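Structural description and commentary
Chain residues, written in single-letter form:
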Amino acid sequence: MGLLERCEELFKTSNLYDLLGINKEAAEADIRRSYYKVSLKVHPDRAPEDPQATEKFQVLGKVYAVLSDTEQRAVYDEQGVVDEESDVLIQDRCWEDYWRLLFPKITVQDILEFEKKYKGSDEERQDVIHLYVQHEGNMDAIVASVMCSSQEDEPRLCSLIQAAIDSGDVEAFPAFTKESVKKKRARRKRADRERQEAEEMQKEMGLGDQDDSLVMMLQQRQKSREQNYNSFLSDLEAKYSKKSGKSKRGKK
C-alpha cells in the first residue's frame, strides 16, 4: 500500500497538506511546526491507548519527509502523487529516531508541559475551529483530531465552537448543532472501550499502575471524563426537555 493510501486509511485523508492542517503555500518552517504538532498526538509515548499510534507516527514521518524535500514536494504539488521509489521513502529509517533528530530535546515530560500550555490557548482555539470547518461539524472526527485532547475535553471544545458560531465566524453545521444525545453517548462508549483495551494491553506488557506515569494519567483522565461528560449530557437534556417535554431526546 502506497503512502497516500495509508494516509487515507489511518487519517481519513490522502491530502498531505490537510493531514498536517496547513495549506499548499505553507513555508518550510510551518510544515515542520505542523508536523511536530500532529505527531505529538500520535507519538507512541503520548497515545498508548491507540493501537495504531506507531503506524500513524511512521506514516507522519514519511509525510514530513516528502513535504520537506524540495523535489518530492514539487512532484506532489504538480502531479498529486508521491514517488514511492525515492530515497526519502525507501531507505530503512527508524522514524522515531528521525523525529528525535528533528526535535532532540523532546521528552514525555516536554509533551505533557506542551499540552498544559496548549490547552486553552488561542492556538488551540484556531485549530479547533479549523477542524470544525474541515469536518463540517462532525464531532466524532473533531474530537479524534484535536491535539492533546480526549473525551473529557469535549464540553470545552463544544464551547469554543459554539462561541465561533454565535459570533458569525463559522457556519452552523447541522452535524454539530443537531447532533443527538444518542450519538454523544456512543462516542463516550467508544472512548471507554478504547480505555479498557489500553488497560488490558498495559497489563499484558507488565506495566504497573505505580510504575508507569502514563497509565496513572489515563486513569485520572477517565475519572474526570466521567464527571465532566455526565454533567455535560445532563445539562443538554435539562435544557431541551423544557422545550420539547421529552427527557432523553435532546439535541445540541
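Residues numbered from 1 in each chain as written. Predicted model: local features only at pLDDT ≥ 70, side-chain atom pairs only at ≥ 80, totals over all residues. Heavy atoms only, no water.

**Overview of unusual backbone geometry**
Note the following rule: Secondary structure follows DSSP: runs of H or I at least 4 residues long count as helices, runs of E at least 2 residues long count as strands, and numbering of each begins at the N terminus. Between buried and exposed lies partly exposed: a residue is buried under 20% and exposed over 50% of the maximum accessible area for its type, with that area taken using a 1.4 Å probe on protein chains only.
Phi angles above zero are rare outside glycine, and Lys 12 is one such case at about 65°. Tracing the backbone through its elements, the reader meets Lys 12 in the loop between helix H1 (3-11) and helix H2 (16-20). What makes Lys 12 exposed here is its relative accessible area of 66%. Of note, the phi angle at Glu 136 is positive, near 50°, even though the residue is not glycine. If you trace the backbone, Glu 136 turns up in the loop between helix H9 (122-134) and helix H10 (139-145). Taking the relative accessible area as the measure of exposure, Glu 136 reaches 52% and is therefore exposed.

**Some thoughts on the confidence of the model for the chain**
To be explicit about the condition: Across the chain, each position has a pLDDT score giving the predictor's confidence in that residue, from 0 to 100. By the convention used here, residues are in contact when the closest approach between their heavy atoms is within 4.5 Å.
In the predicted model, the chain carries a mean pLDDT of 77, and the fraction of residues at 70 or more is 70%. Every residue in residues 208-237 is under pLDDT 50, and counting partners more than four places away or in other chains gives 50 contacts. Contacts for the low-pLDDT stretch residues 239-252, under 50 throughout, to residues beyond four places or in other chains number 21 contacts.

**Focus: the packing of aromatic side chains**
To be explicit about the condition: Pairing of aromatic rings covers Phe, Tyr and Trp, the last through its six-membered ring, and needs centres within 6.5 Å; plane angles under 30 degrees mean stacked, over 60 mean edge-to-face, and all others mean tilted.
Taken as a whole, this structure holds six aromatic pairs when the rule is applied. For the ring pair Tyr 132 and Phe 173, a centre distance of 5.2 Å and an interplane angle of 55° mean the geometry is tilted. Linking Tyr 132 in helix H9 with Phe 173 in the loop between helix H11 (154-166) and helix H12 (174-177), this pair joins segments that are 41 residues apart in sequence. Judged by relative accessible area, Phe 173 falls into the buried class, the value being 12%. Measuring from centroid to centroid gives 5.7 Å for Tyr 132 and Phe 176, while their planes differ by 85°, and the two rings are edge-to-face. Placement of the pair is Tyr 132 in helix H9 and Phe 176 in helix H12, with a sequence separation of 44 residues. A single burial state applies to Tyr 132 and to Phe 176, both of which are buried. One aromatic cluster in this structure is built from Tyr 36, Phe 114 and Tyr 118.

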